[in-house]
Amino acid sequence: MLSIKNLEVVYDDAIVALRGVSLDVPAGKVVALLGANGAGKTTVLRAVGGLLDDHDAKVTKGEIELDGVSLVGARAASIVRRGVGQVLEGRRMFIELTVEESLLVGAFTRSGRDAVRRNLDRVYSLFPQLVDRRNVHTGYLSGGEQQMVAIGRALMSEPSLLVLDEPSLGLAPRYVERVRDVVAEINAEGTSVLLVEQNARMALSVADHGYVLEDGRVVLDKAAEDLRSDSEIREFYLGVG
Ligand code: ATP
């Protein structure tokens, strides 16, 4: 469903961050995008989400297609409307909003009250611990709870593809597990997922397929199972020899 071909992205007309990246997220699959700091992972997600403009970056070559239709040049809100839910770097909470208000912000593409209610119920059933916190301002939440709100907010638009930028970053281990399980649950309900992670162990435990980026290029493109047993990946990303 998502197909990226030979994508080149340049910041400030000077810094080439992606040097011809090609990757696919087939319908119904979880795809992990791994790589060291600065490899270009976040840039891929910004390009998919229509957020390059905000960072003075441009697609200078290549193509990004969702179900055969180009996303290059489309605005972020229209990309959400086309079915791409985004959980971005740093969670981007409006700390003056409550949990429930934050979730409702994510429902901007859904006008029907029943659909909004149904999606809200679904988010609360995925994250039961948010139910008691629904009237709490998000600024008072733990990092793990904020991440749940960020994921829940993206789900309010009923995305067919969910993109997540390092959802486990800075979270306590039990929250990392929870995020992993939620990705699996969302996927089991039919949503495709593009998961950017530094935590390769977590990402490869839930992914079908994985790509490793290095200096703006794809250097490995394999089934997640094969990456888990790849000796280089095991040493470099999983810390086991
Ligand atoms: P991280 O895990 O640190 O976020 P990453 O793999 O997501 O790393 P990117 O953030 O996509 O990598 O960065 C890729 C390259 O683009 C790096 O060389 C980085 O310095 C550059 N870059 C990223 N954002 C900007 C920006 N706003 N302006 C200029 N250069 C940028």
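Bear in mind the structure is a predicted one, so any value in this text is a computation, not a measurement.

*Asks:* Sorry if this is basic, but what is going on with the side chain of T98 here?
*Replies:* Mapping T98 onto the fold places it in the loop between strand 6 (84-87) and helix 3 (99-105). For T98, a relative accessible area of 10% puts it in the buried group. Apart from the residues lying within four places of it in its own chain, the contact partners of T98 are R134, N135, V136, H137 and T138.

*Asks:* Sorry if this is basic, but what is going on with the packing of aromatic side chains here?
*Replies:* We describe a pair of aromatic rings using the distance from one ring centre to the other and the angle between the two ring planes. Per the stated rule, a full pass over the model turns up zero aromatic pairs. The ring centre of Y175 lies 4.7 Å from the NZ or CZ of R174, which sits over that ring.

*Asks:* What is the right way to read the site of the ligand from this model?
*Replies:* Within the structure, the ligand sits among 16 residues, and G38, G40, K41, T42 and T43 are positioned closest to it. In the environment of the ligand, a nitrogen atom lies 3.5 Å from a nitrogen or oxygen atom belonging to the side chain of Y11. Within the contact set of the ligand, an oxygen atom lies 2.7 Å away from a backbone nitrogen or oxygen of G38. Protein contacts shield 68% of the accessible area of the ligand, which totals 620 Å² for the unbound molecule. Among the elements of the structure, strand 2 (15-25) and helix 1 (41-49) are those that each provide at least two residues to the shell around the ligand. Top contributing element to the shell around the ligand by residue count: helix 1, with four residues. Here the residues of the shell around the ligand sort into five nonpolar, seven polar and four charged.

*Asks:* Would you mind going over the sheet that holds strand 9 (residues 209-214) with me for this structure?
*Replies:* Backbone-to-backbone hydrogen bonds join strands into a sheet, with any given pair of strands oriented parallel or antiparallel. Spatial ordering of the open sheet is given by 6-7-8-3-9-10, a layout of six strands whose pairing is mixed. On the outer flanks of this sheet lie strand 6 and strand 10 (217-223), each paired with one strand and no other. If you compare each strand with its neighbour and ignore which way they point, the axes differ by 15° on average. With six bridges connecting them, strand 9 and strand 10 associate as antiparallel partners. Paired with V212 across the bridge in strand 10 is L220. Set on the sheet, helix 1 makes contact with strand 3 (30-35), strand 6, strand 7 (161-165), strand 8 (192-196) and strand 9; between it and strand 7 the angle comes to about 145°. Relative to the sheet, helix 6 (residues 173-188) contacts strand 3, strand 7 and strand 8, its axis offset from that of strand 8 by approximately 155°.

*Asks:* Please clarify how the sheet that holds strand 1 (residues 2-11) should be interpreted in this entry.
*Replies:* Reading across the sheet, the four strands line up as 2-1-4-5 and stay open at both edges, with antiparallel pairing between neighbours. Edge positions in the open sheet fall to strand 2 and strand 5 (69-70), since each of these has one partner strand only. Judged from the eight bridges that link them, strand 1 and strand 2 form a sheet pairing that is antiparallel. Within strand 2, the position partnered with V9 by the bridge is L18.

*Asks:* Before we go on, may I ask you to explain the nonpolar core in this structure?
*Replies:* L103, F127, I151 and L164 are the most contacted members of the largest nonpolar core, which has 45 residues in total. Sequence-distant contacts of L103, that is, excluding residues within four places in its chain, are made with L120, V123, Y124, V149, G152, R153 and M156.

*Asks:* Help me understand the confidence of the model for the protein, please; the structure alone is not making it clear to me.
*Replies:* Interpretation of this model should avoid reading the predicted coordinates in detail wherever pLDDT is low. On average, residues of the protein score 91 in pLDDT, and 95% of them reach the 70 mark or higher. Confidence metrics for the complex model read pTM 0.93 and ipTM 0.95.

*Asks:* Is there a simple way to explain unusual backbone geometry in this structure?
*Replies:* Glycine aside, residues mostly have negative phi angles, and peptide bonds mostly take the trans form. With a phi close to 50°, N6 is a non-glycine residue in the positive phi region. With respect to the helices and strands, the residue N6 is situated in strand 1. Exposure remark for N6: the relative accessible area of 42% places this residue in the partly exposed category. Positive phi is not limited to glycine here, since D67 has a value of about 50°. Assignment of secondary structure puts D67 in the loop between strand 4 (57-66) and strand 5. Residue classification places D67 among the exposed residues on the basis of a relative accessible area of 57%.

Conventions adopted
- Residues numbered from 1 in each chain as written.
- Predicted model: local features only at pLDDT ≥ 70, side-chain atom pairs only at ≥ 80, totals over all residues.
- Heavy atoms only, no water.
- Helix = DSSP H or I, 4+ residues; strand = E, 2+ residues; numbered from the N terminus.
- Buried < 20%, exposed > 50% of the residue type's maximum accessible area, 1.4 Å probe, protein only.
- Contact = heavy atoms within 4.5 Å.
- Phe/Tyr/Trp six-rings, centres within 6.5 Å; stacked < 30°, edge-to-face > 60°.
- Lys NZ or Arg CZ within 6 Å of the ring centre and 35° of its normal.
- Near = heavy atom within 4 Å.
- Polar contact = N/O pair within 3.5 Å; in protein donor to acceptor, adjacent residues only side chain to side chain.
- Areas by Shrake-Rupley, 256 points an atom, 1.4 Å probe, with all protein chains shown as cover.
- Nonpolar A, V, L, I, M, F, W, Y, C, P; charged D, E, K, R; others polar.
- Pairing = 2+ DSSP bridges.
- Axes fitted to C-alpha atoms, helices over the stretch in contact; angles between N-to-C directions.
- Core = buried A, V, L, I, M, F, W, Y, C linked by side-chain atoms within 4.5 Å.
- pLDDT = per-residue confidence, 0-100.

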